[in-house]
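Below, each chain spelled out in residue letters.
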Amino acid sequence: MPRLILLRHGQSQWNLENRFTGWVDVDLTAEGEAQARRAGELIAEAGFRPAVMFTSVLTRAKRTGALALQSAGLAGVPVIEDWRLNERHYGGLTGLDKAETARKHGEDQVKVWRRSYDIPPPPLEPGSEWDFEGDPRYAGQAIPDTESLKTTLDRVLPYWNAEIAPRLAAGDDVLIAAHGNSLRAIVKHLFDVPDDRIVGVEIPTGNPLEIDLDASLKPTAARYLDAGRAQPLPEAA
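For the structure given in this document, a descriptive report is provided here. Only a predicted model underlies this, so the values are computations on that prediction, with no experimental measurement involved.

### Here's the deal with the overall build of the chain
Move 1: Across its full length, the chain carries eight helices and six strands.
Move 2: The linear arrangement of helices and strands in the chain, starting from the amino end, is β-α-α-β-α-β-α-α-α-β-α-α-β-β.
Move 3: Dimensions of the chain, computed from C-alpha atoms along their principal axes, come out at roughly 50 × 40 × 40 Å.
Move 4: Out of the 237 residues belonging to the chain, those deemed buried represent 50%.
Move 5: A fraction of 76% describes how many contacts in the chain between residues 6 or more apart in sequence connect residues 24 or more apart.

### Considering the pairing of strand β5 (residues 209-213)
Move 1: Most of β5 is tucked away, with four of its five residues classed as buried.
Move 2: Strand direction decides the pairing type here: strand β1 (residues 3-8) and β5, joined by four bridges, are antiparallel. Counted as the bridge partner of L4 is I211 from β5.
Move 3: When β5 meets strand β6 (residues 219-224), the two strands line up antiparallel, connected through five bridges. Paired with L213 across the two strands is P219, which belongs to β6.
Move 4: Hairpin geometry of β5 and β6 is characterised by an intervening segment of five residues between the two adjacent antiparallel strands and by a positive phi of about 65 degrees at L217.

### Focus on the nonpolar core
Move 1: Core analysis: the biggest nonpolar cluster contains 33 residues, and L4, L6, W160, I164, I176, I186 and V187 have the highest contact counts within it.
Move 2: Elements supplying a minimum of two residues to this core: β1, β2 (52-55), α6 (149-169), β4 (174-178), α7 (180-191) and β5.
Move 3: No other element matches the eight residues that α6 contributes to this core.
Move 4: For I186, the residues in contact, after removing those within four places along its chain, are L6, L85, V156, W160 and I176.
Move 5: Listed in part, the 15 residues of the second largest apolar core include I5, L42, I43 and A72.

### Comments concerning the layout of surface pockets
Move 1: Estimates place the volume of the largest pocket at around 310 Å³.
Move 2: Surrounding the largest pocket, 19 residues form its lining, R8, E87, Y90, K98 and N181 being those nearest its centre.
Move 3: When residues of the lining of the largest pocket are traced back to their parent elements, those giving at least two are α5 (107-115) and α7.
Move 4: Broken down by element, the lining of the largest pocket gets its largest block of residues, three residues, from α7.
Move 5: Grouping the constituent residues of the lining of the largest pocket by class yields two nonpolar, seven polar and 10 charged.

### Focus on the pairing of β1
Remember that side chains alternate between the two faces of the sheet whenever the strand is regular.
Move 1: Summarising burial for β1: six of the six residues are buried, a large majority.
Move 2: Along β1, one buried face is formed by R3, I5 and L7 and the opposite face, lined by L4, L6 and R8, is buried too.

### Points about the sheet that holds β2
By definition, the strands of a sheet pair up through backbone hydrogen bonds, in either a parallel or an antiparallel sense.
Move 1: Sheet architecture is open: six strands sit in the order β3-β2-β4-β1-β5-β6, paired in mixed fashion. Across the chains shown, the open sheet's two edge strands, defined by having one partner strand only, are β3 (79-81) and β6. Pairwise comparison of adjacent strand axes, ignoring direction, gives a mean angle of 20 degrees for this sheet.
Move 2: Sheet topology note: the β1/β4 ladder contains five bridges and is parallel. In the strand pairing of β4, L6 is matched with I176.
Move 3: Here helix α3 (residues 59-71) sits on the sheet and contacts β1, β2, β3 and β4; the angle it forms with β2, its principal contact strand, is near 160 degrees.
Move 4: Lying over the sheet, α7 contacts β1, β4, β5 and β6, oriented at roughly 150 degrees with respect to β1.

### Here we look at the environment of T64
Move 1: Within the fold, T64 resides in helix α3.
Move 2: For T64, a relative accessible area of 0% corresponds to the buried category.
Move 3: Between the C-alpha atom of T64 and that of A177, which follows or precedes it by 113 residues, the distance is 6.9 Å.
Move 4: At 3.1 Å, the side chain of T64 forms a polar contact with the backbone nitrogen of G10.

Conventions we followed
- Residues numbered from 1 in each chain as written.
- Predicted model: local features only at pLDDT ≥ 70, side-chain atom pairs only at ≥ 80, totals over all residues.
- Heavy atoms only, no water.
- Helix = DSSP H or I, 4+ residues; strand = E, 2+ residues; numbered from the N terminus.
- Buried < 20%, exposed > 50% of the residue type's maximum accessible area, 1.4 Å probe, protein only.
- Contact = heavy atoms within 4.5 Å.
- Pairing = 2+ DSSP bridges.
- Core = buried A, V, L, I, M, F, W, Y, C linked by side-chain atoms within 4.5 Å.
- 1 Å grid on protein atoms, 1.4 Å probe; cavity = no way out; pocket = protein on both sides within 12 Å on 5 of 7 lines; lining within 4 Å.
- Points joined across faces, edges and corners; volume = space filled by probe spheres on them.
- Nonpolar A, V, L, I, M, F, W, Y, C, P; charged D, E, K, R; others polar.
- Axes fitted to C-alpha atoms, helices over the stretch in contact; angles between N-to-C directions.
- Polar contact = N/O pair within 3.5 Å; in protein donor to acceptor, adjacent residues only side chain to side chain.

Structure below.
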């Protein structure tokens, strides 16, 4: 039966600075690099040898995956990048300091934008500093100007069904190096987590979540490889 590992990228520079990052392409900190290498060591200890790694087009996810594979002695694993595994688009919050945003708009409003399932932040204004329309990575794509977790799932799930699930169904083990919200969308789908519970599911940075799947790609077991930093596993409906 296939195995899947979900790996959230290590600490990024804007994680450290407490800013809304979304689609902005920031790099890992030294701590984030160390987290990625440690993830690779854990993957090797688990005897996990993926046939392929899927990742987003953002540097922090790509480098986390590459460092993890290198650390695990798996640098030759094929890598497939796609923007549909990007982090959630934070719209008009992009680039803002989270604490300052809470003071400006109120903690309750920011909590709604960050943690509700289907209420997105205000849209990103066209032509703003963080407008991604001219980015060649998204040429020809109808990219969003803001996203909720629900609309993040709406773009992740078709990619999962078209590209990732067939590899797992064929018996391949798969590693996905991506982001908190794109991975949360996959977890919601796999574990059938209700809308009101998925917002409370946290996937820690740099701690591989290994999921055993049956022939119909339903989870039969799941565990964080770094048990000392494990979060509660998702609960199905």
